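# Close look at the chain arrangement
The chain contents come next:
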Amino acid sequence: MAVDFTAHNIRLDDGSFTIGSEAGRFEEHAWLQATKRLLATLYPSGRDQIRIADLGCLEGGYAVEFARMGFSVLGLEVRESNMEACRYVKSKTDLPLLEFVKDDAWNIAQYGEFDVMFCCGLFYHIDRPREFLKLLSNVTRQTLILQTHFSAGVVKNDKFKLSPMEKHEGLPGQWYQEYASQKELNDRESAKWASWDNYRSFWIQREALLGEIKIVGFDLVFEQYDSLGADIADQMLSGRYVEERRGTFVGIKSAININCKEIQSLSQSVSHE
């Protein structure tokens, strides 16, 4: 079966690659390596009991690598062309804890709770990001990883042509135009780098995004800079971090926070008896 891979050059079990061995190998990508370091630190053992959801998994690269680490992984993808790639990868790798499902990310609650919610390249295509963060917190037991664009206010020569700064859902940020017409939206299956069902998406201002992750329930919040690659300072001062306004944001429901909620729940239960 001929499957067109456009982004994830995944190593298959027979040693071949989905795009070609000469292309950049997905397993060497800085974003992936940073995420693997984080996951290995948080979950050093018992990984087969740890559920990870890969939202908007595209061609399945991250999901495959997480499953190779021993995690139980669900890759969720809405476009059929991408799902064809995911099914192909699944058929060429021996990963019993890996599953792919065709569905909208807004329906993630239908698949139960997850220990880790991984969202790379999807969040900045959402038009109700605050509501989406609340949804993710409701179905995430511990860790949220967002690899996303963000708003940095007014920027000269803006390559993304974002709107002026405004507030949406009570948060500061800027709008990004996904589709200019109904005709473009109707052709959304072929628009791999666009939203699914909204004409525009809202990029939350970086500082507000960090704050909102905490507000929705992740009391340990940070930005993971090693995802920028070897030269962090250069990337932050003049490289892609500045040009793309894209970073990795992590929220963790700490043991202290979880224990406090358990004590509060127990206390309420006792008081009602």
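Structure report, in brief. (Residues numbered from 1 in each chain as written. Predicted model: local features only at pLDDT ≥ 70, side-chain atom pairs only at ≥ 80, totals over all residues. Heavy atoms only, no water.)

Before going further, it helps to spend a moment on the nonpolar core. Of all hydrophobic cores here, the largest spans 35 residues; its most connected members are L39, I52, Y62, F66, F71, V73 and L98. Elements with a minimum of two residues in this core: α1 (30-42), α2 (61-68), α3 (80-91), β3 (98-102), β4 (114-120) and β10 (246-252). Those residues in contact with F71 that lie beyond four places of it in its chain are L39, Y43, R47, I50, I52, F66 and L97. Judged by nonpolar contacts, the second largest core, of 34 residues, contains I108, C119, L146 and L228. (Core = buried A, V, L, I, M, F, W, Y, C linked by side-chain atoms within 4.5 Å. Buried < 20%, exposed > 50% of the residue type's maximum accessible area, 1.4 Å probe, protein only. Helix = DSSP H or I, 4+ residues; strand = E, 2+ residues; numbered from the N terminus. Contact = heavy atoms within 4.5 Å.)

Of note, T140 is situated in strand β5 (residues 140-149). At 2.5 Å, the side chain of T140 and the backbone oxygen of L136 are in polar contact. (Polar contact = N/O pair within 3.5 Å; in protein donor to acceptor, adjacent residues only side chain to side chain.)

A separate point is unusual backbone geometry. In the Ramachandran plot, K161 falls in the positive-phi region, its phi being about 55 degrees despite a non-glycine side chain. Relative to the assigned elements, K161 resides in the loop between β5 and β6 (166-168). In this model, E169 sits at a positive phi of 60 degrees, which is unusual for a non-glycine residue. With respect to the helices and strands, the residue E169 is situated in the loop between β6 and β7 (171-177).

This part takes up the sheet that holds strand β8 (residues 200-204). A sheet is described by the order of its strands in space; here 3 strands give the open sequence β6-β7-β8, paired in antiparallel fashion. The open sheet has two free edges, formed respectively by β6 and β8, since each of these has just one partner strand. The sheet shows a mean angle of 60 degrees between the axes of neighbouring strands, direction not considered. Bridging between β7 and β8 involves 5 bridges; their strand directions are antiparallel. Its bridge partner lying in β8, Y176 is registered against S201. (Pairing = 2+ DSSP bridges. Axes fitted to C-alpha atoms, helices over the stretch in contact; angles between N-to-C directions.)

Okay, the sheet that holds β4 next. Strand order in the open sheet made by the 7 strands is β3-β2-β1-β4-β5-β10-β9, with mixed pairing throughout. Whereas interior strands pair on both sides, the edge strands pair on one side only; in this sheet they are β3 and β9 (220-223). Strand-to-strand twist of the sheet, defined as the mean angle between neighbouring strand axes without regard to direction, takes the value 15 degrees. Bridge count between strand β1 (residues 51-55) and strand β2 (residues 72-77): 5 bridges; the pairing is parallel. What sits directly across from A53, in β2, is L74. Across the sheet, α2 is in contact with β1, β2, β3 and β4; its angle to β3 comes to roughly 155 degrees. Across the sheet, helix α4 (residues 129-138) is in contact with β1, β4 and β5; its angle to β5 comes to roughly 145 degrees.

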